[in-house]
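Coordinate inspection notes
Okay, here's what each chain looks like letter by letter:
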Amino acid sequence: MDPTLSLLLNGIVSGLLLGGLYAAAASGLAVSFGMLDIVNIAHPALMVAGAFLVVILGTWLGIDPLLAALLQAPLFYLLGVGIYVAYHHFFERRGDEALQGLAFFFGVMFIIEVGLVMAFGPEQRFLDPWYGFVTLRLGEIDLPLRMLVPALAALAAIGLLYLYLQRSFTGLAIAAVAQDPEALRLMAVNPVRIKRLAFGLSVALAAVAGGALVVVQPVEPSSGQIFIGRVFAICIMGGMASLLGTILAALAFGVAENVTATFYGPSWSPAVAFGWLLLVLAFRPQGLFGKAA
Amino acid sequence: MTVAAPASAIAPPRPAAVARPRHLRFWLGALILAAGLVVALRWLGNDYAYFAGYFILQYVVLGTAWNILGGYAGYVNFGAAGFMATGAYAAIVVRQALGLDLLPGILAGALTAGLLGLGTGYLTLRLRGVFFSIATLSLTVVLHTLVVNWDYVGGSRGAYIVRPREVPPFTSYGEYLFIVMLGLAVISVGIARAVELSRIGQGLAAIRDNERAAEAVGVPTLRLKLIATTLSGALMGVAGAPLPYYSGYLNPEAAFGLAYAVNAIAMPLIGGIGTWLGPVIGAVLLATLQQAATVTISSALSLWIVGWTLVLFVALAPKGILGMVRRR
């Protein structure tokens, strides 16, 4: 096969796998930002915090990173509930969400990042599972398990989330709270309780995504910064509250980044992705897959 | 025959008493304060004092610049680091291409970052609230990537600036930089104050409170927003332009540091948002605290303190220190 074509094919395939990781990182945000209208800028920082805890748990217990991520998820659910309670008490209830709420989450993000530097130092941390160095080959195309396993795990987690939101009463209530909290109140459901639950869920998802992140690449405290733009870009391009849109946007994003990295060098890939976000924001703020407002 | 009505009912309501700007008093006070600072530091004769003084003053400029857009017009800019780095790299380019020194570099930084601000101003046409903030954040990443890949200014390796040992008539280069930054701080605060007390400031406040209503009653929202973003961007560039001269070396990691973006937001919020004095109070308090914590304990801890102060203030005292004082 033509080497350039092979390079392009490989770039697209590993871009799709990378997109799986991005989908995991963005799906929690699709819940908090998309459905609850809470601009959690700290989401990627929480993901990185989850990744650090996975490294510790994994090293200590000698277990798989993805399993460790699942084990710690309840802890992060509680953390998310705590953050939402504070956010609701100080900002949402007062109607000060816009400016003060943004600054609040910006501060939380910064506290997490600097806290990780103080606790673990600025070095990279990693945890290699047994499949970390195994690569499947399909003809010309490489399928490294290091990328494939987290991508599949991420899609499975998002699938479960989708079923939960579609099939359970609480899940439907989460979708409803974004549209009409008053109507929810009339059905004897407390919107604040639903939002608390949903926000906890979104932070737990961030922690699970942290587990996937550890498998794919080493993490450092500042790893979250590059993800802020990514996850918000994916969330907006995916049409905010749509999980399917989020997955499609994440895959497209992964491919765009990876193909750029393959042909022009990895240092250019952020500019392409973020330039894309700027264009989307400027010309189609409702997202590629969203409906016009 | 007309029905006589009581005079008080016909008379138009008296305009609310507008405080007179008292520009002369402000400028005189600022000049006296600045001169006092220069004399006091020369009497102290300590190089570290100039170093720390510059650090605080750069944040006075940065916080004031952020406040013009964020405090007056209500548009939250997460990209302060991007604008600051634009100023810093403009100064480096001017030096490498034309051999020009610090002062022309500052001018170039103001122009470049001002143009960038004008560009983001057009973004506000379509992006309100959170979406504007996210766009500024992405703008920073795009600029960061461009600079990392731009070999002319050193790429990811960074650029060195050999600074002269001293600039007569100043006793040291540190004092020179300090006095330049002091002048820039006075000018920035003066500009912000003039904007706040003018019709522009009233228009921006109307945009902050309700942009659609402001537009409906004929406030020229786009023009005002463009003025605010350009001015805010230019002043952020001014805050960053002397940075390579201050540290003698600049790399993208340092220039685009998240700490600048967090500080630029935290300082106005802590001091009191939407007033010219707020960012000054916030910057002096928070930057002093950071310097003290950096020197005595560690720089990571000093940043941690900034984060906690920001979170605690927005939660417990959303109107900042000025708001707490005025309530009493």
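Quick note: structure is the one above.
Below you will find a few notes about this structure.

So, how was this worked out
- Residues numbered from 1 in each chain as written.
- Chains lettered and ligands numbered in written order.
- Predicted model: local features only at pLDDT ≥ 70, side-chain atom pairs only at ≥ 80, totals over all residues.
- Heavy atoms only, no water.
- Helix = DSSP H or I, 4+ residues; strand = E, 2+ residues; numbered from the N terminus.
- Rg over C-alpha atoms; globule rule 2.2 N^0.38 Å.
- Buried < 20%, exposed > 50% of the residue type's maximum accessible area, 1.4 Å probe, protein only.
- Contact = heavy atoms within 4.5 Å.
- Areas by Shrake-Rupley, 256 points an atom, 1.4 Å probe, with all protein chains shown as cover.
- Lys, Arg positive; Asp, Glu negative; His and termini not counted.
- Charge placed at Lys NZ, Arg CZ, Asp CG, Glu CD.
- Expected span 1.5 Å × (residues − 1).
- Buried area = accessible area lost by both parts, 1.4 Å probe.
- Nonpolar A, V, L, I, M, F, W, Y, C, P; charged D, E, K, R; others polar.
- Axes fitted to C-alpha atoms, helices over the stretch in contact; angles between N-to-C directions.
- Parallel < 35°, antiparallel > 145°, perpendicular 65-115°, else oblique.

**Examining the overall build of chain B**
- Scanning chain B from terminus to terminus reveals 16 helices and two strands.
- Relative to the 2.2 N^0.38 estimate, which gives 20 Å for 328 residues, the radius of gyration of chain B is 21 Å and therefore close to what a compact globule would have.
- By residue count, 54% of the 328 residues in chain B fall in the buried class.
- When contacts within chain B are restricted to residue pairs at least 6 apart in sequence, long-range pairs at least 24 apart make up 79% of them.
- For chain B, the exposed area adds up to about 15200 Å²; of that, 68% sits on carbon and sulfur atoms.
- Positive and negative side-chain charges of chain B, numbering 21 and 10 respectively, have mean locations separated by a distance of 13 Å.

**Looking at helix 15 (residues 299-316) of chain B**
- Between its first and last C-alpha, helix 15 of chain B extends 26 Å over 18 residues, near the 26 Å set by a 1.5 Å rise per residue.
- Looking only at helix 15 of chain B, the buried set comprises Ala 300, Ser 302, Val 306, Gly 307, Thr 309, Leu 310, Val 311, Phe 313, Val 314 and Ala 315 of chain B.

**Structural notes on the interface of chain A and chain B**
- Listed by partner, the interface residues are 41 residues for chain A and 41 residues for chain B.
- Buried surface at the junction of chain A and chain B, summed over both partners, amounts to about 3500 Å²; 85% is from carbon and sulfur atoms.
- Counting the surface chain A buries against chain B, the share from its top three residues, Phe 106, Phe 110 and Ile 111 of chain A, is 20%.
- Elements that contribute at least two residues to the side of chain A that touches chain B include exactly helix 3 (65-92), helix 4 (97-120), helix 9 (223-237) and helix 11 (269-283) of chain A.
- The biggest single contributor to the side of chain A that touches chain B is helix 4 of chain A, with 16 residues.
- Broken down by class, the residue content of the side of chain A that touches chain B amounts to 32 nonpolar, six polar and three charged.

**Some thoughts on the packing of helix 7 (residues 173-197) of chain B against helix 8 (residues 199-209) of chain B**
Residue and element names in this part refer to chain B.
- Across the interface, helix 7 lies against helix 8 with an axial gap of 4 Å and an inter-helix angle of 70 degrees. The orientation of helix 7 relative to helix 8 falls into the category roughly perpendicular. Of helix 8, the residues touching helix 7 (which contributes Val 195, Glu 196 and Leu 197) are Arg 199, Ile 200, Gly 201, Gln 202 and Leu 204.
- Residues belonging to the contact of helix 7 with helix 8 are distributed by class as follows: four nonpolar, two polar and two charged.

**Here's the deal with unusual backbone geometry**
Residue and element names in this part refer to chain A.
- Despite not being glycine, Asp 37 has its phi angle at roughly 65 degrees, a positive value.
- Positionally, Asp 37 belongs in the loop between helix 1 (3-35) and helix 2 (43-61).
- The class of Asp 37 is exposed, set by a relative accessible area of 57%.

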